[in-house]
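As a plain string of letters, each chain reads:
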Amino acid sequence: MIRWPFFDPGPMRELLDAMSQDPRRYVHSERGVPMPVNVYQEPDALVIEALIPGAGPEDVEIHSGEGMLTIRATSQIADREYMHQEIRPTQWHRQLALPADLKFDEAQASSENGVLVIRIPKPQPRQPEKIRIQVTRKDEPAAGPTIEAKPGSFKEVKPKGGRRKPADA
């Protein structure tokens, strides 16, 4: 029978234990671990779902500016003497480039079961405005016909108080 030397007590076993429990191996960058997100659109809002296991609502910071959304969260783990520890305190960080015309000041966030949901309302499209244009022609007095202009359609409105004179009169 061949024995596996890594299970025997000794300096190699201690080195492997130290490497497996080194907290630095869990840090992916200086800013923190990137959290997984889903981003989708609803008719009236853009929705971001982010996984932040172990972080409560008081452990989350959300910032926005110039079309960039930044989410930071910290998951807390009780400090005790563990026999085996794989769950560690984690700094979560994610930045998302979003359309700048979203209504960031009206955004709402909620957190449940380790899932952060952020809803950012979309701007409503502007309704076309009615524009009145006064048109004066050489053959008519100053109070000539008015054209009502709407996007895609124009119609001539005859001046009040009389009919338009024919051109050959």
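Criteria and thresholds
- Residues numbered from 1 in each chain as written.
- Predicted model: local features only at pLDDT ≥ 70, side-chain atom pairs only at ≥ 80, totals over all residues.
- Heavy atoms only, no water.
- Helix = DSSP H or I, 4+ residues; strand = E, 2+ residues; numbered from the N terminus.
- Buried < 20%, exposed > 50% of the residue type's maximum accessible area, 1.4 Å probe, protein only.
- Contact = heavy atoms within 4.5 Å.
- Salt bridge = Lys/Arg side-chain N within 4 Å of Asp/Glu carboxyl O.
- Pairing = 2+ DSSP bridges.
- Axes fitted to C-alpha atoms, helices over the stretch in contact; angles between N-to-C directions.

Participant: What should I look at first to understand the side chain of serine 75 in this one?
Facilitator: Among the secondary structure elements, serine 75 is positioned in strand 5 (residues 68-75). The class of serine 75 is buried, set by a relative accessible area of 3%. Residues contacting serine 75, with those up to four places away along its chain left out, are Pro53, Gly54, Ala55, Arg88, Pro89, Thr90 and Trp92.

Participant: What is the right way to read the pattern of salt bridges from this model?
Facilitator: Two side chains that carry opposite charge are able to pair once their charged atoms sit near each other. The final tally for this structure, using the stated rule, is 2 salt bridges. One salt bridge connects arginine 119 with glutamate 42, and the closest N-O pair in it is separated by 2.4 Å. Of this pair, arginine 119 sits in strand 8 (residues 115-121) while glutamate 42 sits in the loop between strand 2 (37-41) and strand 3 (45-51); the two residues are 77 residues apart in sequence, bridging distant segments of the chain. Salt-bridge contacts for arginine 119 lead to aspartate 44; the nearest nitrogen and oxygen are separated by 3.7 Å. Placement of arginine 119 in strand 8 and of aspartate 44 in the loop between strand 2 and strand 3 is noted, with a sequence separation of 75 residues between them. Relative accessible area serves as the criterion here: at 41%, aspartate 44 is assigned to the partly exposed category.

Participant: Would you take a moment to explain the sheet that holds strand 2 for this structure?
Facilitator: Within a beta sheet, neighbouring strands are joined by backbone hydrogen bonds and run either parallel or antiparallel to one another. One open sheet holds the 4 strands; their spatial order is 2-3-8-7, and the pairing between them is antiparallel. Only two strands of the sheet have a single neighbouring strand rather than two, namely strand 2 and strand 7 (108-112). On average, each strand axis in the sheet is inclined to that of its neighbour by 15°, with strand direction left out of account. Looking at chain direction, strand 2 and strand 3 are connected through 5 bridges and run antiparallel. Bridge pairing in strand 3 places asparagine 38 opposite glutamate 49.

Participant: Before we go on, may I ask you to explain the pairing of strand 5 in this structure?
Facilitator: Looking along a regular strand, one sees side chains alternate from face to face of the sheet. Burial analysis of strand 5 places 6 of its 8 residues in the buried class, which makes it a mostly covered element. Pairing of strand 4 (residues 60-65) with strand 5 involves 6 bridges; the strand directions are antiparallel. Considered in strand 5, the bridge of glutamate 61 is made with arginine 72. Linking strand 4 back to strand 5 in an antiparallel pair, the connection comprises 2 residues, with glutamate 66 at a positive phi of about 50°. Relative to strand 6 (residues 90-97), strand 5 runs antiparallel, the two sharing 8 bridges. Within strand 6, the position partnered with isoleucine 71 by the bridge is arginine 94.

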